[in-house]
Amino acid sequence: QRAMHYIGENITGHLTLEEIAGNLFVSKYHLSHAFSREVGVSVYRYILLRRLMMARQQLVSGEPAGQVCRNCGFPDYTSFYRAFKSEYGVSPRELNQ
């Protein structure tokens, strides 16, 4: 729960397993295993899914894809595009139309 809360509070920033574990005062290995066991997905996948859900909401409300990419914490448009297309089967701009 604490890890999910921390991720939610910092979802738009650069998040790493080391940073999250350090803020929770546990090892990254313990966090990784416990998180996967309790949530059912890896920390990385959880962060990606949260960002994609946030991006989808913004795109549906009419925000431009480039702005959504920056708003949701993706490092660049290419990684955002690939993740979005892989998850939803359409490009961010196609959803926005």
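Above this note sits the structure.
For the structure given in this document, a descriptive report is provided here. Keep in mind it's a predicted model, so treat the numbers as computed, not measured. (Residues numbered from 1 in each chain as written. Predicted model: local features only at pLDDT ≥ 70, side-chain atom pairs only at ≥ 80, totals over all residues. Heavy atoms only, no water.)

1. Section: the overall build of the protein chain
Item 1. Across its full length, the protein chain carries seven helices and zero strands.
Item 2. Taken from the N to the C terminus, the helices and strands of the protein chain come in the order α-α-α-α-α-α-α.
Item 3. For the protein chain, the spread of C-alpha atoms along the principal axes amounts to about 45 × 20 × 20 Å.
Item 4. Taking all 97 residues of the protein chain together, the buried fraction comes to 32%.
Item 5. Taking contacts inside the protein chain between residues at least 6 apart in sequence as the whole, the part at least 24 apart equals 45%.
Item 6. Element-wise, carbon and sulfur atoms account for 51% of the exposed surface of the protein chain, whose accessible area totals about 6100 Å².
Item 7. Positive and negative charge centroids in the protein chain, built from 11 and 8 side chains respectively, lie 3 Å apart. (Helix = DSSP H or I, 4+ residues; strand = E, 2+ residues; numbered from the N terminus. Buried < 20%, exposed > 50% of the residue type's maximum accessible area, 1.4 Å probe, protein only. Contact = heavy atoms within 4.5 Å. Areas by Shrake-Rupley, 256 points an atom, 1.4 Å probe, with all protein chains shown as cover. Lys, Arg positive; Asp, Glu negative; His and termini not counted. Charge placed at Lys NZ, Arg CZ, Asp CG, Glu CD.)

2. Some points on the nonpolar core
Item 1. Among the nonpolar cores identified, the biggest contains 13 residues, and Ile-7, Ile-20, Leu-31, Phe-35, Val-43 and Ile-47 are the most heavily contacted of them.
Item 2. Those residues in contact with Leu-31 that sit more than four places away from it in its chain are Ala-3, Leu-17, Ile-20, Ala-21, Leu-24, Val-26 and Val-43.
Item 3. The next biggest cluster of nonpolar side chains, apart from the first, holds 12 residues, and it includes Leu-52, Ala-65, Cys-69 and Phe-84. (Core = buried A, V, L, I, M, F, W, Y, C linked by side-chain atoms within 4.5 Å.)

3. Notes on the pattern of salt bridges
Where charged atoms from two side chains of opposite charge come close, those side chains can pair.
Item 1. In this structure the tally under the stated criterion is three salt bridges.
Item 2. Notably, a salt bridge pairs Arg-37 with Glu-38, separated by 3.8 Å at the nearest N-O pair.
Item 3. Under the relative-accessibility criterion, Arg-37 is labelled exposed at 60%.
Item 4. Note that Arg-45 is salt-bridged to Glu-87, the shortest N-O span being 2.8 Å. Taken together, the residues Arg-45 in helix H4 (residues 43-60) and Glu-87 in helix H6 (residues 77-88) connect sequence positions 42 residues apart. (Salt bridge = Lys/Arg side-chain N within 4 Å of Asp/Glu carboxyl O.)

4. Examining the packing of aromatic side chains
Item 1. The full count for this structure, using the stated rule, is six aromatic pairs.
Item 2. For the ring pair Tyr-77 and Phe-80, a centre distance of 5.8 Å and an interplane angle of 65° mean the geometry is edge-to-face. Of this pair, Tyr-77 and Phe-80 both sit in helix H6, three residues apart, which is roughly one turn of the helix.
Item 3. An angle of 55° between the planes, with centres 5.8 Å apart, marks the rings of Phe-80 and Phe-84 as tilted. Within this pair, Phe-80 and its partner Phe-84 are both found in helix H6, separated by four residues, close to a single helical turn. Exposure class is identical for Phe-80 and Phe-84. Each is buried. (Phe/Tyr/Trp six-rings, centres within 6.5 Å; stacked < 30°, edge-to-face > 60°.)

5. Section: helix H3 (residues 28-39)
Item 1. For H3, with 12 residues, the first-to-last C-alpha span of 16 Å sits near the 16 Å given by 1.5 Å per residue.
Item 2. Taken together, the buried positions of H3 are Leu-31, Ala-34 and Phe-35. For H3, the buried positions fall inside an angular range of 100° around the axis, keeping them on one side. In H3, the exposed positions angled more than 90 degrees off the buried face are occupied by Tyr-29, His-33 and Arg-37.
Item 3. Where H3 ends, the next residue or the one after it, Gly-40, has phi of about 95°, a positive value. (Expected span 1.5 Å × (residues − 1). Arc of directions from axis to C-beta.)

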